[in-house]
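Residues per chain, in single letters:
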Protein chains: 2
Amino acid sequence: MRRRVTPRRVVAGARPGSVSSLDRGLHYGDGLFETLPVRNGKPVLLEAHLDRLFRGLDSLGIAPQLTRKKVETAAHRAAAGLEKAVLKILVTRGAGARGYAYNPDLKPTLLATWSPWPEIAAEHARAGVNVGVCHVRLAVQPALAGLKHLNRLEQVLARREWQADWQEGLMLSADGHVVCGTQSNLFFVRDGALVTPALTECGVAGIMRDMVLRCARDAGLSTKIHRVAERELARTKEAFLTNSLIGLWPVRRLDGRDLTIGPVTRQIQALLYEKACVVSG
Amino acid sequence: MRRRVTPRRVVAGARPGSVSSLDRGLHYGDGLFETLPVRNGKPVLLEAHLDRLFRGLDSLGIAPQLTRKKVETAAHRAAAGLEKAVLKILVTRGAGARGYAYNPDLKPTLLATWSPWPEIAAEHARAGVNVGVCHVRLAVQPALAGLKHLNRLEQVLARREWQADWQEGLMLSADGHVVCGTQSNLFFVRDGALVTPALTECGVAGIMRDMVLRCARDAGLSTKIHRVAERELARTKEAFLTNSLIGLWPVRRLDGRDLTIGPVTRQIQALLYEKACVVSG
């Protein structure tokens, strides 16, 4: 079941391991991606990831001729035979002539690549993580908010702000609201309700965020999605981060202040494992 | 002197015509670019473009080991033998493992590619252009403002807003200021002074914008750089657009209102030709 742990690339419409130097993904970030776990040869929650991917493609008018079947097949081919790995699916508008305008008949680029599983994630899921607040802010752009597009320089800049001391950095929006981590969504408990920031201005609407909201509602917990002022962070006593790879990471330290890993956090975490949304250890 | 008019790619550190499918330029837009004219085998204003490119690389911590000499050589090689063409230089942080964090020793990707000269530009320089205002706005991001980076989805979305009726679309910032065109900078005349929007929140600081400001000052014209409210557009009687390829395009119609191509516009245009900053016809 195990294969050698060097990244393998399955590239549709290009030589393996490469894309055209004229690809609009490279020139403009004109595309979208999904990152998801592979467990025992199967991409986890692939349907939900494909739903989001195709919503994004539709929203940006990218790859109108790309079928869900084709992406699904590429994902399954990349995942086949892998016990535990990270699968990344990337779709761009394709290779085209110079300029922001594009020919709607461009052949999209589809990449399905895998990389080794980050084993550290399980330890953080148990013991919790130290989360800081980044100086770099997320620009407010409703036209792109929620989408997992390829314009990620803000995250690259934010990720440079820490080394091993934090496990994740929270990002505020330009107008001072708490939005998400560089690679995760934020939840916190307030007055018995589970709160996660609205993502109508910026941020990525995570698949695991959706799963958590669903689990919480199923369990009878009240959930709230709204804009979160920065000062809320100082009042937070219980918080966690989510994404498709890490599952749920309890926050044990937030912006320099110790938190207790709380009962709601452990309840949601248990529900995610139960529903097999999360790849443990 | 003429070569066949199909794009040629000179790629350093990769197979010609392709880049690694793990390139951070593709995955995150983690890079910068320059676009400039080639005339009689020489890249026009290459020094100024290299200055901006290296300021950007420095600002984002990209390719610290890349030498100016190497980019210069690639540019000259790509331009050699071309009578008139467009040269694009693109530098990314290189191909790396998944994730926003990066190894500072990554080998940067350097691309120097050329494409055919857009002959239509000269006609617009003579007769002026019709310029509309885009609905898509530019997000405010001081950490990236002014840089010609590879996160260009906003421009791609804005460029979809028109067909042949406009020649360019102006973009406002999220907070309602006039910033620039999708691929050009804006100048207008107000009370005898030449005004161009400040680019501290968003927008690209064009090389031709710099040249125009310099020409205007040399000619004794007063220049002003400040934030420009949207309502200023309705009061504007004389305006023009600039970029390295088009040089200067007078605006003959602005947001549905006819303008007269004015004396300041023609004076600046003549100065740019005189200084050989602009490739005519």
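Residues numbered from 1 in each chain as written. Chains lettered and ligands numbered in written order. Predicted model: local features only at pLDDT ≥ 70, side-chain atom pairs only at ≥ 80, totals over all residues. Heavy atoms only, no water.

Draft legend 1. Layout of unusual backbone geometry. Of note, D255(A) is a non-glycine position whose phi angle comes to about 55°, a positive value. Note on placement: D255(A) falls in the loop between β15 (247–254) and β16 (257–258). A positive phi angle is found at D191(B), which is not glycine, with a value near 55°. With respect to the helices and strands, the residue D191(B) is situated in the loop between β10 (185–190) and β11 (193–197). (Helix = DSSP H or I, 4+ residues; strand = E, 2+ residues; numbered from the N terminus.)

Draft legend 2. Molecular detail of the relation of the copies chain B and chain A. Each copy superposes on the other: chain B lies on chain A with an RMSD of 0.0 Å after a rotation of 180° and an axial shift of 0.0 Å. Both copies are brought into coincidence by an operation consistent with a two-fold rotation axis. Across chain B, the rotation axis passes nearest the C-alpha of L26(B), at a separation of 2.0 Å. Interface residue correspondence from chain B to chain A reaches 100%, placing this contact among same-surface, isologous pairings. (Least-squares fit on C-alpha atoms with pLDDT ≥ 70 in both. Contact = heavy atoms within 4.5 Å.)

Draft legend 3. Region of interest: the pattern of salt bridges. Residue and element names in this part refer to chain A. For the structure shown, the criterion picks out 24 salt bridges over all chains. Across the pair D258 and R253 runs a salt bridge whose closest N-O atoms are separated by 2.9 Å. By relative accessible area, which is 57% here, D258 ends up exposed. If you follow the salt bridges from partner to partner, you end up with R24, D30 and R93 in one network. (Salt bridge = Lys/Arg side-chain N within 4 Å of Asp/Glu carboxyl O. Buried < 20%, exposed > 50% of the residue type's maximum accessible area, 1.4 Å probe, protein only.)

Draft legend 4. Quick peek at the packing of helix α2 (residues 46–60) of chain B against helix α3 (residues 68–79) of chain B. All names here are of chain B. Closest axis-to-axis distance for the α2/α3 pair is 11 Å, and the angle between their directions is 135°. Classified by the interaxial angle, the pair formed by α2 and α3 is oblique. Here α2 runs over α3; the crossing is right-handed. In this structure, α2 contributes L46, E47, L50, D51, L53 and F54 to the contact, and α3 contributes R68, V71, E72, A75 and H76. Among the residues making up the contact of α2 with α3, the classes are represented as six nonpolar, one polar and four charged. (Axes fitted to C-alpha atoms, helices over the stretch in contact; angles between N-to-C directions. Parallel < 35°, antiparallel > 145°, perpendicular 65-115°, else oblique. Left-handed = near helix turned anticlockwise from the far one by under 90°. Nonpolar A, V, L, I, M, F, W, Y, C, P; charged D, E, K, R; others polar.)

Draft legend 5. Molecular detail of the layout of surface pockets. There is about 880 Å³ of room inside the second largest pocket. Lining the second largest pocket are 44 residues; nearest its centre among them are R98(A), Q183(B), N243(B), L245(B) and I246(B). Of all elements in the fold, only β3 (31–39), α2, β6 (109–116), α4 (120–127), α5 (153–159), β9 (177–181), α6 (207–218) and β14 (239–243) of chain B reach the threshold of two or more residues within the lining of the second largest pocket. Here the residues of the lining of the second largest pocket are counted per class, giving 19 nonpolar, 17 polar and eight charged. (1 Å grid on protein atoms, 1.4 Å probe; cavity = no way out; pocket = protein on both sides within 12 Å on 5 of 7 lines; lining within 4 Å. Points joined across faces, edges and corners; volume = space filled by probe spheres on them.)

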